[in-house]
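# Residue-level structure breakdown
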Amino acid sequence: MELLGIHHVSLLTGKAEKNFEFYTKVLGMRLVKKTVNQDNTSSYHLFYGDAKGNPGTEITFFDIPGLGNTYHGHTSISTTSLRVQSTESLHYWKSRFNLLGIRHEEISKRANRNTLAFQDYEGTRLILVADNGESGVPAGIPWNQTDIPLEHGIVGLGPVTLTVKDSAPTLKTLTEVLGFRHIGTYPSPSENQPNIDVLATGIGGSGAEVHVESRPDLPRERPGRGSVHHVAFRVPNEDEFNKWAEKITSLGYINSGKVERYYFKALYFREPNNILFELSTDTPGFAVDETIESLGEQLALPPFLEPKRAEIEASLRPLEI
């Protein structure tokens, strides 16, 4: 059993309309699924990804109107990365961010890759990372219904950074339980702090990495809008998913059990530093109930919620996107 990489990253937003505008109009990603939080169907769940909604390309948001600010700290998934094809693309994005007034840093090296850190309107900490022909998890397909040139389009998820008080228990879970490999370190962007550990799974590359940052100097994060709820890792099929479920349970991790999300199977558990991990299948995917051409155009509900559509739609606030 081997995890293939990152499946998706799920965050919180306080206003879905502005969230949609930023991720589709500013970043040029495709809305591949407009659905509801299956654990709270009065809340929207929006998925943005590549042109076909491929696994490993989705950044998703739970819409919680009125959500307060995030107070950053440890016990968090502190940054989410998005892949672009080249360093030239980073320069394109830096110019675009300047033009649109998007807060960003300078282009810098992280884990031997060129990167550009920036924030959305809610302060979500994001990083563009340049592939520059690196081997590893294949990139997705940039969405072509946008003003962004295809050669500069976003093509998937890059590494996530886990910020924890003590990295040792998290590193142990990643390596001894989930099978990640420790492949190196790089300097922390914060002065006088330990190097950040780099771990990889599957065939590696930026779409299959987790970076672990030890920050005992920080308070514990108080999550709000723009914070990350969980990171999901890719399991290729249901057979392997069942084996992972048995393994996680046998090792004594309190977990959700196998959850049917319709678009994928899911299992949730918290590692020792209380960060929420999910294991998700690549199959069947987001085109199971919509054509590739029409992804994200209508409110999609899995079959087990479809009989409650009228009730669910009545409980949702109107969302004009």
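Our subject is the structure that appears above.
To start, this report covers the structure provided alongside it. None of the values given here were measured: they were computed from a predicted structure.

In an α-helix, one turn spans 3.6 residues; hence positions three or four apart end up facing the same way. Under the 1.5 Å per step criterion, the end-to-end length of helix H4 (residues 238-250) is 18 Å for 13 residues, consistent within 8% with the ideal 18 Å. Looking only at H4, the buried set comprises Phe241, Trp244, Ala245 and Ile248. Viewed along the axis of H4, the buried residues span an arc of 105°, placing them on a single side of the element. Within H4, the exposed residues directed more than 90 degrees away from the buried face are Asp239, Glu246 and Ser250. Next to the buried residues of H4 lie helix H3 (167-177), strand S13 (228-235), strand S15 (264-270) and strand S16 (276-284). Regarding H4, its N-cap is asparagine 237, as a side-chain oxygen of that residue lies 3.2 Å from the backbone nitrogen of aspartate 239 further along.

All right, on to the layout of surface pockets then. Reported here for the largest pocket is a volume of approximately 460 Å³. Lining the largest pocket are 25 residues, with Thr79, Glu105, Arg110, Arg125 and Pro189 sitting closest to its centre. If you list the elements that add at least two residues to the lining of the largest pocket, you get strand S5 (76-84), strand S6 (104-110), strand S7 (113-119), strand S8 (125-130) and strand S9 (156-164). A class-by-class count of the residues in the lining of the largest pocket yields 8 nonpolar, 10 polar and 7 charged.

What follows concerns the pairing of strand S1 (residues 6-13). Every other side chain in a regular strand lies on the same face of the sheet, so the side chains alternate between the two faces. Extensive coverage of S1 is indicated by the burial of 8 of its 8 residues. Bridge count between S1 and S13: 5 bridges; the pairing is antiparallel. Following the sheet pairing, leucine 11 is matched in S13 by valine 228. Note that S1 and strand S4 (residues 58-63) share 6 bridges and pair parallel. Paired with histidine 8 across the strands is glutamate 58, a residue of S4.

The full count for this structure, using the stated rule, is 4 cavities of 30 Å³ or more. Size it by volume and the largest cavity reaches roughly 80 Å³. Elements with a minimum of two residues in the lining of the largest cavity: S5, S7, S8 and S9. Each residue belonging to the lining of the largest cavity can be placed in one class, and the counts come to 4 nonpolar, 5 polar and 2 charged. Contributing to the lining of the second largest cavity are Leu11, Thr70, His72, Ile77, Ser78, Thr80, Thr124, Arg125, Glu221, Gly226, Ser227 and Val228. For the lining of the second largest cavity, the element with the most residues is S5, which contributes 3 residues. Here the lining of the second largest cavity is composed, by residue class, of 3 nonpolar, 7 polar and 2 charged.

Criteria and cut-off values
Residues numbered from 1 in each chain as written. Predicted model: local features only at pLDDT ≥ 70, side-chain atom pairs only at ≥ 80, totals over all residues. Heavy atoms only, no water. Helix = DSSP H or I, 4+ residues; strand = E, 2+ residues; numbered from the N terminus. Expected span 1.5 Å × (residues − 1). Buried < 20%, exposed > 50% of the residue type's maximum accessible area, 1.4 Å probe, protein only. Arc of directions from axis to C-beta. Contact = heavy atoms within 4.5 Å. Polar contact = N/O pair within 3.5 Å; in protein donor to acceptor, adjacent residues only side chain to side chain. 1 Å grid on protein atoms, 1.4 Å probe; cavity = no way out; pocket = protein on both sides within 12 Å on 5 of 7 lines; lining within 4 Å. Points joined across faces, edges and corners; volume = space filled by probe spheres on them. Nonpolar A, V, L, I, M, F, W, Y, C, P; charged D, E, K, R; others polar. Pairing = 2+ DSSP bridges.

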